[in-house]
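# Overview (structure and organization)
The chain contents come next:
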Amino acid sequence: MKFLIVFVALFAVALAAPAEVEIVRSESDVGPENFNFAWETSDGAKAEAQGQLKNAGSEQEAISVKGSYSFVADDGQTYTVEYVADENGFQPSGAHLPVA
């Protein structure tokens, strides 16, 4: 019985597997105190970010990152999130996200 349950579960996962997705663009530049990257896939997903080390060598040393990512959801709509991540935490914004 356990074998049948596992087999059915694996079969369902195989049927639900998405089509093969390819990377159509990939760029990155990483330095000791900053970085930036961007990528895009054939299914419409994309991301990019830039980061910079702030207050290097001090007790307040932190990485500040600004970026965005987007993807095409099952409903066919593209969702985009822009964000800042720094000493104040992760701060996302997007038209589909609730606002406090």
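Residues numbered from 1 in each chain as written. Predicted model: local features only at pLDDT ≥ 70, side-chain atom pairs only at ≥ 80, totals over all residues. Heavy atoms only, no water.

### Quick notes on the overall build of the protein
Scanning the protein from terminus to terminus reveals one helix and six strands. If you list the helices and strands of the protein from N to C, you get α-β-β-β-β-β-β. Across the protein, the fraction of contacts at a sequence separation of at least 24, relative to all contacts at a separation of at least 6, is 10%. For the protein, the accessible surface area stands at approximately 7,900 Å², while carbon and sulfur atoms represent 57% of it. (Helix = DSSP H or I, 4+ residues; strand = E, 2+ residues; numbered from the N terminus. Contact = heavy atoms within 4.5 Å. Areas by Shrake-Rupley, 256 points an atom, 1.4 Å probe, with all protein chains shown as cover.)

### As for the pairing of strand β6 (residues 89-93)
Judged from the five bridges that link them, strand β5 (residues 78-86) and β6 form a sheet pairing that is antiparallel. Opposite Glu82, over in β6, you have Ser93 as the bridge partner. Where β5 folds back onto β6 in an antiparallel hairpin, the turn is made up of two residues. (Pairing = 2+ DSSP bridges.)

### A look at the pattern of salt bridges
Summed over the entire model, instances satisfying the criterion amount to three salt bridges. Glu27 is the salt-bridge partner of Arg25, the closest N and O atoms lying 3.5 Å from each other. Since its relative accessible area comes to 27%, Arg25 is described here as partly exposed. Measuring nitrogen to oxygen at the nearest pair gives 3.2 Å for the salt bridge that ties Glu87 to Lys54. With Glu87 in the loop between β5 and β6 and Lys54 in strand β3 (residues 46-54), the pair connects residues that are 33 residues apart, well separated along the chain. A relative accessible area of 48% places Glu87 in the partly exposed class. Taking relative accessible area as the criterion, Lys54 reaches 29% and is therefore assigned partly exposed. Each of Arg25, Glu27 and Glu40 takes part in a single network of salt bridges with overlapping partners. (Salt bridge = Lys/Arg side-chain N within 4 Å of Asp/Glu carboxyl O. Buried < 20%, exposed > 50% of the residue type's maximum accessible area, 1.4 Å probe, protein only.)

### Considerations on the sheet that holds β3
Spatially, β1-β2-β3-β4-β5-β6 is the arrangement adopted by the six strands of the open sheet, whose pairing is antiparallel. The two strands at the open ends of the sheet, each matched to only one other strand, are β1 (23-30) and β6. Here the strands of the sheet are splayed against their neighbours by 10° on average, with no regard to which way each runs. (Axes fitted to C-alpha atoms, helices over the stretch in contact; angles between N-to-C directions.)

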